[in-house]
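Listed below, chain by chain, are the residues.
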Amino acid sequence: GMIKTFYESQNCFDEPFRKISHLPFQLIISLLPDNRLEKIFIEQNLDYSYSYHPKQSIPKPCEKPNKNKPLIYNLLGDINNRDIIITFDHFFSFLSGIFHDRQLPDNIQEVLNKPQTFLFLGVHFEKWYVQLLLKIISFKNDSITKLTINKNNNNFHEYTSFVTHRLDLDFILENPIDFLDTIYNDCKQQNILKI
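In this text, all values refer to a predicted model and were calculated from it rather than measured experimentally.

So what about the nonpolar core? Which residues, and what values?
If you look at the biggest cluster of nonpolar residues, it comprises 23 residues, and the most contacted ones within it are Leu75, Phe94 and Ile108. Listed by contribution, the elements that provide at least two residues to this core are β3 (71-74), α4 (88-98), α5 (106-112), β6 (117-120) and α6 (128-138). A per-element tally of this core places α6 first, with five residues. If we skip the residues at most four places from it in the chain, Phe94 touches His53, Lys55, Leu75, Leu76, Ile85, Arg102, Leu133 and Ile136. If you look at the next biggest cluster of nonpolar residues, it comprises 14 residues, including Ile28, Leu37, Phe41 and Tyr184.

Below, the structure is given as structure tokens:
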């Protein structure tokens, strides 16, 4: 109903999502519960697989992600199935499960546990629950490089040193859209974009 209508009306990220769909990522973990990114893959006839983490049930197995067929994984549920995390109780249940009996599917854990680089775009690190979510994504792997791109705003230095230490992050003071454009153009020059 109302939540689905809200997400469907948001089109400011259509162009960034389109660029992300062209990049050779094998796994895209979304902190949004809607399917805008999936629609963009469909519109362009790009191969992908999709799954999501349910609010209370055991996560279904998902396809093994790769660069030719990336996996889009909605960490906070799926709005079309009315299975999204929107209340504190939902979130508590989600956290309890993901650390115990409802962990991420094996194919996702396998990808996350390999040495690699994580790139977080548009993530609000000042929010405590975002820090928890990122710890969930990377807590088993100490050998990865984690980068976040953040706008240079007034409260940036108030929390970056704390979060950097806690999550072992390297912060880059750059607008996320500008950084995405840079990656996109570099991949274009190297001829590794999907389109």
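Just give me the short version of the environment of Gly97, but keep the residues and values in it.
Along the chain, Gly97 turns up in helix α4. We classify Gly97 as buried; its relative accessible area is 4%. Taking C-alpha positions, Gly97 is 8.6 Å from Ile58, a pair spaced 39 residues apart along the chain. Setting aside residues up to four positions removed in sequence, Gly97 forms contacts with Arg102 and Gln103.

Criteria and cut-off values
Residues numbered from 1 in each chain as written. Predicted model: local features only at pLDDT ≥ 70, side-chain atom pairs only at ≥ 80, totals over all residues. Heavy atoms only, no water. Core = buried A, V, L, I, M, F, W, Y, C linked by side-chain atoms within 4.5 Å. Buried < 20%, exposed > 50% of the residue type's maximum accessible area, 1.4 Å probe, protein only. Helix = DSSP H or I, 4+ residues; strand = E, 2+ residues; numbered from the N terminus. Contact = heavy atoms within 4.5 Å.

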